[in-house]
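Chain residues, written in single-letter form:
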Amino acid sequence: MINTLENSQDQFYKEFIMVRGKFDPKAFGVNLSREELTDEMVEEFNSCYRSWTIDELLLHPREAARFCEDTRRKFAYWDLPDDIILRVILNARKHP
C-alpha cells in the first residue's frame, strides 16, 4: 500500500514538472500567443532591469515578486502566475 502511494506521488510530480513548461496563455486570460507573451515579458524585464540578468532577479525573491505584480498590473494579466512570468523570461535566455 505504501509503495503504491509513493509510486502515484512520484508519477504526479513527474507529470506536474513536465506540464509546467507547456501552457496556453489564454488559460490565464492573456490574448496572445506563447511567443508574443514571451517577447512582451522579456521586453518588460529588459526595460525594468537594464543591468540585471533574470538570474540576478531570481536571487532577490521580493524584487521578483514585485516585478511580477507590477507586470500583471501594467498589462492587466490578472491571472498570470509569477512562475509563468519568470519562466518565460528564463527560458528565452536559455533558448534565444
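Residues numbered from 1 in each chain as written. Predicted model: local features only at pLDDT ≥ 70, side-chain atom pairs only at ≥ 80, totals over all residues. Heavy atoms only, no water.

1. Observations regarding the overall build of the chain
- For the chain, the count of helices and strands is five helices and zero strands.
- Listed N to C, the secondary structure of the chain is α-α-α-α-α in terms of helices and strands.
- A total of 96 residues make up the chain; the buried ones form 26% of that total.
- Nonlocal contacts in the chain, meaning residues at least 24 apart in sequence, comprise 50% of its contacts between residues at least 6 apart. (Helix = DSSP H or I, 4+ residues; strand = E, 2+ residues; numbered from the N terminus. Buried < 20%, exposed > 50% of the residue type's maximum accessible area, 1.4 Å probe, protein only. Contact = heavy atoms within 4.5 Å.)

2. Observations concerning helix H2 (residues 34-48)
- The terminal C-alpha atoms of H2 lie 21 Å apart, and with 15 residues this matches the ideal 21 Å at 1.5 Å per residue to within 8%.
- Taken together, the buried positions of H2 are Leu37, Thr38, Met41, Glu44 and Phe45. Considered in projection along H2, the buried side chains sweep an arc of 130° and stay on one side of the axis. Among the exposed residues of H2, those oriented more than 90 degrees off its buried face are Glu35 and Glu43. (Expected span 1.5 Å × (residues − 1). Arc of directions from axis to C-beta.)

3. What to know about the packing of aromatic side chains
- Tallying each qualifying case throughout the model produces six aromatic pairs.
- Between Phe45 and Phe67, the ring centres sit 6.1 Å apart and the planes meet at 85°, which makes this aromatic pair edge-to-face. Residue Phe45 is located in helix H2, and its partner Phe67 is located in helix H4 (residues 61-75); the two are separated by 22 residues in the primary sequence.
- On the numbers, 5.7 Å between centres and 65° between planes, the contact of Tyr49 with Phe67 is edge-to-face. Residue Tyr49 is located in the loop between H2 and helix H3 (54-58), and its partner Phe67 is located in helix H4; the two are separated by 18 residues in the primary sequence. You'll find Tyr49 and Phe67 in the same group, each marked buried.
- Feature note: the residues Phe45, Tyr49, Trp52 and Phe67 constitute an aromatic cluster, connected by ring pairs. (Phe/Tyr/Trp six-rings, centres within 6.5 Å; stacked < 30°, edge-to-face > 60°.)

4. Some words on the environment of Asp79
- Mapped onto the fold, Asp79 is located in the loop between H4 and helix H5 (82-94).
- A relative accessible area of 55% means that Asp79 is categorised as exposed.
- Considered as a pair, Asp79 and Val30 are 49 residues apart in the sequence and their alpha carbons are 8.4 Å apart.

5. What to know about the nonpolar core
- Judged by nonpolar contacts, the single largest core of 20 residues is most densely connected at Leu37, Leu57, Phe67 and Ile89.
- Elements represented by at least two residues in this core include exactly H2, H3, H4 and H5.
- Broken down by element, the residue count for this core peaks at six residues, all from H5.
- Non-local contacts of Leu57, meaning those with residues more than four positions away in its chain, are made with Phe45, Tyr49, Trp52, Glu63, Ala64, Phe67 and Leu86. (Core = buried A, V, L, I, M, F, W, Y, C linked by side-chain atoms within 4.5 Å.)

Spatial relationships are all this shows, so hold off on functional conclusions.
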